[in-house]
Amino acid sequence: MPLTWDLAFHSGMSARSDLRAAVDEGVAVGVVATLLDAVKTILVLPRHLDAGGSVFIDSGAFSAFQKGETVEWAKVCRVYESVLNMTDRPGGLSIVAPDVIGDQRGTLALWDLYAKRVIQWISAGARVIVPLQRGSLTAGVRIVVGHWY
């Protein structure tokens with residue numbers, strides 16, 4: 001059975017007041033990992049998921065790219081994993097796999113580095129969104145337990 005995407009997220013909900021209003025309304029929320037504090041990560045988002053809500057956590061890679069900054073992937077992964085570990089309903093969580101904007105080989109290197117974690121996120125029930133980058137390799141290149149085939 002093909003996986004279909006039948007959900008729209010209200011993005012830009014990283015600010016406290018915006019997130020609170022969206023959660024109170026029970027809407028699907030989109031936040032950025034690098035803008036979340038501990039309260040949102042271990043309380044607000046997991047409770048929203050546990051109540052049947054949906055959450056999309058963006059890595060912040062595009063914003064970092066625009067600013068010429070480097071993403072602290074260890075921090076982003078900790079945010080993802082904190083939310084995953086604090087919810088009883090991880091199936092409502094969508095997260096973005098590590099990537100380097102505009103750099104296919106850099107993205108593939110990150111996938112290789114974080115493969116075990118990504119597999120754990122999927123095994124825990126999260127939907128992992130895999131960004132594709134243009135480059136010399138085809139989209140058919142895939143990762144299986146840390147190895148490219």
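Refer to the preceding data block for the structure.
This section reports on the structure supplied with the text. (Residues numbered from 1 in each chain as written. Predicted model: local features only at pLDDT ≥ 70, side-chain atom pairs only at ≥ 80, totals over all residues. Heavy atoms only, no water.)

### Points about the sheet that holds strand E1 (residues 29-32)
Link 1 in the chain: Strand order in the open sheet formed by four strands is E1-E2-E3-E4, with parallel pairing between adjacent strands. In this open sheet, the two strands that pair with only one neighbour each are E1 and strand E4 (127-129). If you compare each strand with its neighbour and ignore which way they point, the axes differ by 20 degrees on average.
Link 2 in the chain: Looking at chain direction, strand E2 (residues 55-58) and strand E3 (residues 93-96) are connected through three bridges and run parallel. Across the sheet, residue Ile57 finds its bridge partner in E3, namely Ile95.
Link 3 in the chain: The strands touched by helix H4 (residues 73-86) within the sheet are E2 and E3, with E3 carrying the most contacts at an inclination of about 165 degrees. (Pairing = 2+ DSSP bridges. Helix = DSSP H or I, 4+ residues; strand = E, 2+ residues; numbered from the N terminus. Axes fitted to C-alpha atoms, helices over the stretch in contact; angles between N-to-C directions. Contact = heavy atoms within 4.5 Å.)

### Section: the environment of Arg16
Link 1 in the chain: Considering the arrangement of structural elements, one finds Arg16 in helix H1 (residues 16-25).
Link 2 in the chain: Given the relative accessible area of 72%, Arg16 is considered exposed.
Link 3 in the chain: Distance in space between the C-alpha atoms of Arg16 and Val39 is 9.8 Å, their sequence separation being 23 residues. (Buried < 20%, exposed > 50% of the residue type's maximum accessible area, 1.4 Å probe, protein only.)

### Some points on the packing of H4 against helix H5 (residues 104-124)
Link 1 in the chain: Taken N-terminus to C-terminus, the directions of H4 and H5 make an angle of 10 degrees; their axes are 11 Å apart at the nearest point. When the axes of H4 and H5 are compared, the pair comes out roughly parallel. For the pair H4 and H5, the contacting residues are Trp73, Ala74, Cys77, Arg78, Tyr80, Glu81 and Leu84 in the first and Leu110, Tyr114, Arg117, Trp121 and Ala124 in the second.
Link 2 in the chain: By residue class, the composition of the contact of H4 with H5 is nine nonpolar, no polar and three charged. (Parallel < 35°, antiparallel > 145°, perpendicular 65-115°, else oblique. Nonpolar A, V, L, I, M, F, W, Y, C, P; charged D, E, K, R; others polar.)

### Side note on the pattern of salt bridges
Link 1 in the chain: Under the defined criterion, the tally for this structure stands at two salt bridges.
Link 2 in the chain: Between Asp24 and Arg20 there is a salt bridge, with the nearest N and O atoms lying 3.3 Å from each other. With Asp24 and Arg20 both in helix H1 and four residues apart, the pair spans about one turn of that helix.
Link 3 in the chain: Asp24 sits in the exposed class, given a relative accessible area of 54%.
Link 4 in the chain: For Arg20, a relative accessible area of 40% gives the class partly exposed. (Salt bridge = Lys/Arg side-chain N within 4 Å of Asp/Glu carboxyl O.)

### Section: the packing of helix H2 (residues 38-50) against H4
Link 1 in the chain: In the contact formed by H2 and H4, the axes pass within 8 Å of each other and the chain directions differ by 50 degrees. Regarding the angle of H2 to H4, the classification is oblique. Here the hand of the crossing between H2 and H4 comes out right-handed. Two secondary-structure elements touch here, H2 through Thr41, Ile42, Leu45, Pro46, Leu49 and Asp50 and H4 through Val79, Ser82, Val83 and Met86.
Link 2 in the chain: The residue inventory of the contact of H2 with H4, partitioned by class, reads seven nonpolar, two polar and one charged. (Left-handed = near helix turned anticlockwise from the far one by under 90°.)

By themselves, these observations are geometric and do not establish any function.
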